[in-house]
Amino acid sequence: MSSHIFNRLAILVLLYSSVLAWNMFYLEPIGVGLGIYGGLSHVTLLSQAFDTFILACASIILLLGSGSISDTSQRLGSIVKGRVAEYPLIILFTTLGMSCLVSSSDLVTFFLSIELQSLALYILATIYRDSEAATSAGLKYFLVGALSSSLILLGSCLLYGLTGVSNFEGVYLLCSMAIANSGIQIALVIIGIALLFKVAAAPFHNWAPDVYDGVPTIVTTWLTIMPKVAIFAFLGEFQGFTHLGRIYETTYPIWPNILLISALLSLIIGSLLGLAQYRIKRLLAYS
């Protein structure tokens with residue numbers, strides 16, 4: 001009974017948070033954006049729209065997953081009794097990471113948000129499956145995630161070491177004044193490739209089918225949609241020149257070419273290999 005009460009409390013917290021994010025639409029003084037926490041985050045109307053979407057989807061996932069939690073606990077008995085209460089807590093942590101990622105405007109908040117989102121997903125991938133396949137999927141997800149996080153950290157350290165600033169606005173100003181060099185370009189490409197790892201874009205997609213196929217269905221739904229929404233929202237241009245996506249677009253023309261190649265490979269590989277799949281979860285991975 002206590003696990004179900006905790007699950008409902010988590011749903012109420014997420015719904016209340018989504019309502020608060022929705023109320024930000026009525027704040028006229030926010031204009032094009034508002035820097036908070038000393039410039040570590042940048043809040044805009046569109047970032048609050050994505051926050052509302054992420055929080056509402058998290059509450060729906062918890063609501064839909066409550067039945068599967070009960071079924072799993074009845075089948076496995078005492079194995080998952082201690083894990084039932086952890087499921088809403090993990091969803092809350094990964095949702096917090098996604099919400100912070102959407103509005104981050106500094107290398108520090110960017111990396112911490114990515115890690116907060118990813119670490120909860122690693123646990124979520126293996127929490128309800130006591131099998132060798134689930135353990136293998138979770139370990140593969142953890143290793144690939146650790147590799148991409150290491151690349152993000154490497155690129156961030158190079159970027160900070162070459163520019164002396166960690167805020168995206170400062171990096172953009174330095175790049176726009178033609179002070180940028182090839183080292184900054186390499187750092188930005190490393191961060192971009194790491195983000196392509198995170199969203200399982202081709203040719204960095206090999207881990208996704210095994211991971212999606214080895215986790216419960218409700219977790220597959222979350223892994224398929226929500227981390228990609230947060231990362232693509234972060235890479236968008238809706239936060240003006242303070243955002244990393246703006247730096248990529250206006251400074252280095254090589255980045256749109258990398259995105260174009262990755263998009264074409266994703267379409268071709270996803271279509272051809274998706275036709276050969278007979279399991280719906282692997283088809284979702286190739287989609």
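Structure first, text after, so check above.
This one's a predicted model, so the numbers in the text were calculated from it and none came from an experiment.

Looking at the overall build of the protein chain
Line of reasoning, step 1. Secondary structure assignment for the protein chain yields 13 helices and two strands.
Line of reasoning, step 2. Sorting the 287 residues of the protein chain into buried and exposed places 48% on the buried side.
Line of reasoning, step 3. Contacts spanning at least 24 positions in sequence make up 75% of the contacts within the protein chain whose residues lie at least 6 apart.
Line of reasoning, step 4. Working note: accessible area of the protein chain is about 13,800 Å², and carbon and sulfur atoms make up 70% of it.

A look at the side chain of Thr95
Line of reasoning, step 1. Its place among the elements puts Thr95 in helix α4 (residues 86–102).
Line of reasoning, step 2. Judged by relative accessible area, Thr95 falls into the buried class, the value being 2%.
Line of reasoning, step 3. The residues contacting Thr95, other than those within four sequence positions of it, are Leu14, Ile54, Leu55, Ala58 and Trp222.

Details of a nonpolar patch on the surface
Line of reasoning, step 1. A surface patch of nonpolar side chains, about 590 Å² in accessible area, is lined by Leu260, Leu264, Leu267, Ile268, Leu272 and Leu273.
Line of reasoning, step 2. Tracing the sequence through the fold places Leu273 in helix α12 (residues 254–275).
Line of reasoning, step 3. Residue classification places Leu273 among the partly exposed residues on the basis of a relative accessible area of 37%.

What to know about the packing of helix α8 (residues 182–198) against α12
Line of reasoning, step 1. Closest axis-to-axis distance for the α8/α12 pair is 11 Å, and the angle between their directions is 25 degrees. As far as their axial angle goes, α12 and α8 are roughly parallel. With respect to the hand of their crossing, α8 and α12 are arranged in right-handed fashion. Seen from α8, the contacting residues are Gln185, Val189, Gly192, Ile193 and Leu196; seen from α12, they are Ile254, Trp255, Ile258, Leu259 and Ser262.

Details of α4
Line of reasoning, step 1. An ideal rise of 1.5 Å per residue puts 24 Å on 17 residues; α4 measures up with 25 Å between its terminal C-alpha atoms.
Line of reasoning, step 2. Burial in α4 covers these residues: Tyr87, Pro88, Ile90, Ile91, Thr94, Thr95, Gly97, Met98, Ser99, Leu101 and Val102.

A closer look at the packing of aromatic side chains
Line of reasoning, step 1. Taken as a whole and judged by the stated rule, the model has eight aromatic pairs.
Line of reasoning, step 2. A ring pair is formed by Phe197 and Phe204, whose centres lie 4.6 Å apart and whose planes are at 40 degrees; its orientation type is tilted.
Line of reasoning, step 3. Judged by centre distance (6.4 Å) and plane angle (80 degrees), the ring pair of Trp207 and Tyr212 falls under edge-to-face. Neither residue differs from the other here; Trp207 and Tyr212 are each classed as buried.
Line of reasoning, step 4. Taken together through their ring pairs, the aromatic side chains of Tyr122, Tyr141, Phe142, Trp207 and Tyr212 make up a single cluster.

As for empty space enclosed by the protein
Line of reasoning, step 1. By the definition in use, this model includes one cavity of 30 Å³ or more.
Line of reasoning, step 2. If you add up the space inside the largest cavity, you get close to 130 Å³.
Line of reasoning, step 3. Along its surface, the largest cavity is lined by 15 residues, and Leu121, Tyr141, Phe197, Lys198 and Trp207 are the ones closest to its centre.
Line of reasoning, step 4. Of the residues contributing to the lining of the largest cavity, the split by class is nine nonpolar, four polar and two charged.

Concerning the nonpolar core
Line of reasoning, step 1. Core analysis: the largest hydrophobic core is formed by 57 residues, its most contacted members being Ile91, Phe110, Leu124, Tyr141, Trp222 and Leu223.
Line of reasoning, step 2. Tallying contributions element by element places helix α10 (residues 217–235) first for this core, with nine residues.
Line of reasoning, step 3. Look past the residues within four positions of Ile91 in its chain and what remains in contact with it is Leu14, Ala58, Leu62, Leu124 and Trp222.

What about the environment of Ala58?
Line of reasoning, step 1. With respect to the secondary-structure elements, Ala58 resides in helix α2 (residues 45–76).
Line of reasoning, step 2. Here the alpha-carbon distance between Ala58 and Ile91, two residues 33 residues apart in the chain, equals 7.0 Å.
Line of reasoning, step 3. For Ala58, the residues in contact, after removing those within four places along its chain, are Leu14, Ile91, Thr95 and Trp222.

Some details on unusual backbone geometry
Line of reasoning, step 1. With an omega dihedral of 5 degrees, the bond running from Ala202 to Pro203 counts as a cis peptide bond.
Line of reasoning, step 2. Mapping Pro203 onto the fold places it in the loop between α8 and α9 (208–213).
Line of reasoning, step 3. With a phi angle near 60 degrees, Ala200 is a residue other than glycine that sits in the positive phi range.
Line of reasoning, step 4. Positionally, Ala200 belongs in the loop between α8 and α9.

Cut-offs and rules
Residues numbered from 1 in each chain as written. Predicted model: local features only at pLDDT ≥ 70, side-chain atom pairs only at ≥ 80, totals over all residues. Heavy atoms only, no water. Helix = DSSP H or I, 4+ residues; strand = E, 2+ residues; numbered from the N terminus. Buried < 20%, exposed > 50% of the residue type's maximum accessible area, 1.4 Å probe, protein only. Contact = heavy atoms within 4.5 Å. Areas by Shrake-Rupley, 256 points an atom, 1.4 Å probe, with all protein chains shown as cover. Patch = residues over 30% accessible without salt bridge, like charges linked within 9 Å, V, L, I, M, F, W, Y side chains within 5 Å. Salt bridge = Lys/Arg side-chain N within 4 Å of Asp/Glu carboxyl O. Axes fitted to C-alpha atoms, helices over the stretch in contact; angles between N-to-C directions. Parallel < 35°, antiparallel > 145°, perpendicular 65-115°, else oblique. Left-handed = near helix turned anticlockwise from the far one by under 90°. Expected span 1.5 Å × (residues − 1). Phe/Tyr/Trp six-rings, centres within 6.5 Å; stacked < 30°, edge-to-face > 60°. 1 Å grid on protein atoms, 1.4 Å probe; cavity = no way out; pocket = protein on both sides within 12 Å on 5 of 7 lines; lining within 4 Å. Points joined across faces, edges and corners; volume = space filled by probe spheres on them. Nonpolar A, V, L, I, M, F, W, Y, C, P; charged D, E, K, R; others polar. Core = buried A, V, L, I, M, F, W, Y, C linked by side-chain atoms within 4.5 Å.

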